[in-house]
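Structure at a glance
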Amino acid sequence: MRYGIFSDVHGNLEALEAVLKAYKHESIDRFICLGDIVGYGADPSQCLSAIQRLNADIIAGNHDWGVAGISIEAFNIYAKEAILWTRERLSAKDKEFLEHLPLQYIDENIECVHGALHHPDIFPYLHTIEQAREDFNLMKRPVAFLGHTHIPQVFTFAAGKAQALRRQRVLLSVGKLCICNVGSVGQPRDGIPLASYCIFDTKKKLVEIKRIKYNIIQAQSKIKDACLPEFLATRLGQGR
Ligand code: ZN
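Description of the structure in this document. (Residues numbered from 1 in each chain as written. Predicted model: local features only at pLDDT ≥ 70, side-chain atom pairs only at ≥ 80, totals over all residues. Heavy atoms only, no water.)

Considering the overall build of the chain
Tallying secondary structure elements over the chain gives eight helices and twelve strands in all. For 240 residues, the compact-globule estimate of 2.2 N^0.38 gives 18 Å, and the C-alpha radius of gyration of the chain, at 17 Å, lies within 12% of that figure. Seen along its three principal axes, the alpha-carbon backbone of the chain occupies a region of about 50 × 35 × 30 Å. Taken over 240 residues, the chain has a buried fraction of 58%. Counted over contacts in the chain with a minimum sequence separation of 6, partners at least 24 positions apart contribute 71%. Each charge sign in the chain was given a centre, from 29 positive and 27 negative side chains, and these centres are 7 Å apart. (Helix = DSSP H or I, 4+ residues; strand = E, 2+ residues; numbered from the N terminus. Rg over C-alpha atoms; globule rule 2.2 N^0.38 Å. Buried < 20%, exposed > 50% of the residue type's maximum accessible area, 1.4 Å probe, protein only. Contact = heavy atoms within 4.5 Å. Lys, Arg positive; Asp, Glu negative; His and termini not counted. Charge placed at Lys NZ, Arg CZ, Asp CG, Glu CD.)

A word on a nonpolar patch on the surface
A cluster of nonpolar residues, Ile-77, Tyr-78 and Phe-231, forms a patch on the protein surface that exposes about 290 Å² of accessible area. Inspection of the secondary structure puts Ile-77 in helix α4 (residues 77-89). In this structure Ile-77 comes out as exposed when scored by relative accessible area, which is 62%. (Patch = residues over 30% accessible without salt bridge, like charges linked within 9 Å, V, L, I, M, F, W, Y side chains within 5 Å. Areas by Shrake-Rupley, 256 points an atom, 1.4 Å probe, with all protein chains shown as cover. Salt bridge = Lys/Arg side-chain N within 4 Å of Asp/Glu carboxyl O.)

As for the packing of helix α1 (residues 13-23) against helix α2 (residues 44-53)
The axes of two packed helices give the description: the angle between them and the distance between them. Where α1 meets α2, the axes come as close as 9 Å, and the angle between the chain directions of the two elements is 20°. With respect to α2, the axis of α1 lies roughly parallel. With respect to the hand of their crossing, α1 and α2 are arranged in left-handed fashion. On α2, the residues touching Leu-13, Leu-16 and Leu-20 of α1 are Gln-46, Cys-47, Ala-50 and Ile-51. (Axes fitted to C-alpha atoms, helices over the stretch in contact; angles between N-to-C directions. Parallel < 35°, antiparallel > 145°, perpendicular 65-115°, else oblique. Left-handed = near helix turned anticlockwise from the far one by under 90°.)

Thoughts on the coordination of the zinc ion
Coordination of the zinc ion by the protein comes from Asp-8 (OD), His-10 (NE2), Asp-36 (OD) and His-150 (NE2), over a distance range of 1.9 to 2.4 Å. Viewed at the metal, the four donor atoms of the zinc ion are separated by angles of 84 to 177°, and the geometry they form is irregular. Binding-site remark: the zinc ion is held by donors from one chain whose sequence spacing is D-x1-H-x25-D-x113-H. On the criterion of sequence distance, the pair formed by Asp-8 in the loop between β1 (2-6) and α1 and Asp-36 in the loop between β2 (30-33) and α2 is long-range, its members being 28 residues apart. For the pair Asp-8 and Asp-36, one class covers both residues: buried. (Donors = N, O, S within 2.8 Å, 3.2 Å for Na, K, Ca; no water. Tetrahedral: all angles 85-135°; square planar, octahedral: opposite > 155°, others 65-115°.)

Concerning the sheet that holds strand β6 (residues 143-146)
The six strands lie next to each other as β4-β5-β6-β10-β7-β8, forming an open sheet whose pairing is mixed. Strands at the two margins of the open sheet, each flanked by one partner only, are β4 (104-106) and β8 (161-165). On average, adjacent strands in this sheet sit at an angle of 15° to one another, irrespective of strand direction. Sheet analysis places strand β7 (residues 153-158) next to β8, joined by five bridges and oriented antiparallel. (Pairing = 2+ DSSP bridges.)

Quick word on the packing of aromatic side chains
Taken as a whole and assessed by the stated rule, the structure comprises eight aromatic pairs. Judged by centre distance (5.3 Å) and plane angle (35°), the rings of Phe-136 and Phe-157 are tilted. Of this pair, Phe-136 sits in helix α6 (residues 129-136) while Phe-157 sits in strand β7, and the two are 21 residues apart along the sequence. Judged by its relative accessible area of 6%, Phe-136 is buried. (Phe/Tyr/Trp six-rings, centres within 6.5 Å; stacked < 30°, edge-to-face > 60°.)

Here's the deal with the pairing of β7
Sheet topology note: the β7/strand β10 (residues 177-181) ladder contains five bridges and is antiparallel. Looking at β10, one finds that Val-154 is bridged to Cys-180. Once β7 ends, the chain turns through two residues before running back antiparallel as β8, passing Ala-159 with a positive phi of about 45°.

A look at the packing of helix α7 (residues 216-225) against helix α8 (residues 230-238)
Packing of α7 against α8 leaves a shortest axis separation of 8 Å and a crossing angle of 170°. Overall, the two elements α7 and α8 adopt an arrangement that is roughly antiparallel. Of α8, the residues touching α7 (which contributes Ile-216, Ala-219, Gln-220, Ile-223 and Lys-224) are Glu-230, Leu-232, Ala-233, Thr-234, Leu-236 and Gly-237. A class-by-class count of the residues in the contact of α7 with α8 yields six nonpolar, three polar and two charged. (Nonpolar A, V, L, I, M, F, W, Y, C, P; charged D, E, K, R; others polar.)

Description of the pattern of salt bridges
Taken as a whole and judged by the stated rule, the model has nine salt bridges. In this structure, Lys-222 engages Asp-43 in a salt bridge whose closest nitrogen and oxygen atoms are separated by 2.7 Å. Of the two residues, Lys-222 is situated in helix α7 and Asp-43 in the loop between β2 and α2; the sequence distance between them amounts to 179 residues. Its relative accessible area of 24% is what places Lys-222 among the partly exposed residues. Connected through shared salt-bridge partners, Arg-2, Glu-26, Asp-201 and Lys-210 make up one network.

Structural data, given as structure tokens:
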């Protein structure tokens, strides 16, 4: 089985299209979207339809719930403005779809949340080994996938030792736990302005995070034309 797992598209259609095109060469059996389809970018409904057409399993991100009308208190000023803008652009049907997304995905091989396994309902960020340790204790499968920080990263736990890796390829082995942050399709924040996406091959036991170029200029000009905060366009060029 080959999984295509991606997160944090954030209404960036140019980045999403580049990732979906790349996935076409990867013989993916099952797509999983880890949430935050909308918010920040100028094409929220187009991104939602493209992901629905994939037949992906989709879980909720904080922005999806924010747009659907569930509390936006915790968002910063740019996120709040983008959420209010996005609400106006989505149909009632789209908002209802986002509102009813589940918080977790689990199957025979993997488990997924948007933020972290502890309290998936309040979307905590998982940045550090200490935070990862809390999640290792809760894992029901040897490998878990998440997003939310927009920083691709892998945490492993084996023989009592936890490690944070910035590696793009990690091999699973018996007795090893792995938490993989797949990064962000539409708004990477690790200083690399390339769309991030993940592939997990259960036969090879290989987790891979890949990066791909997309038309940043076009995504930026759509954000400016939409009168969304200029910073949301600028940051795409910086990958921050
Ligand atoms: Zn996000």
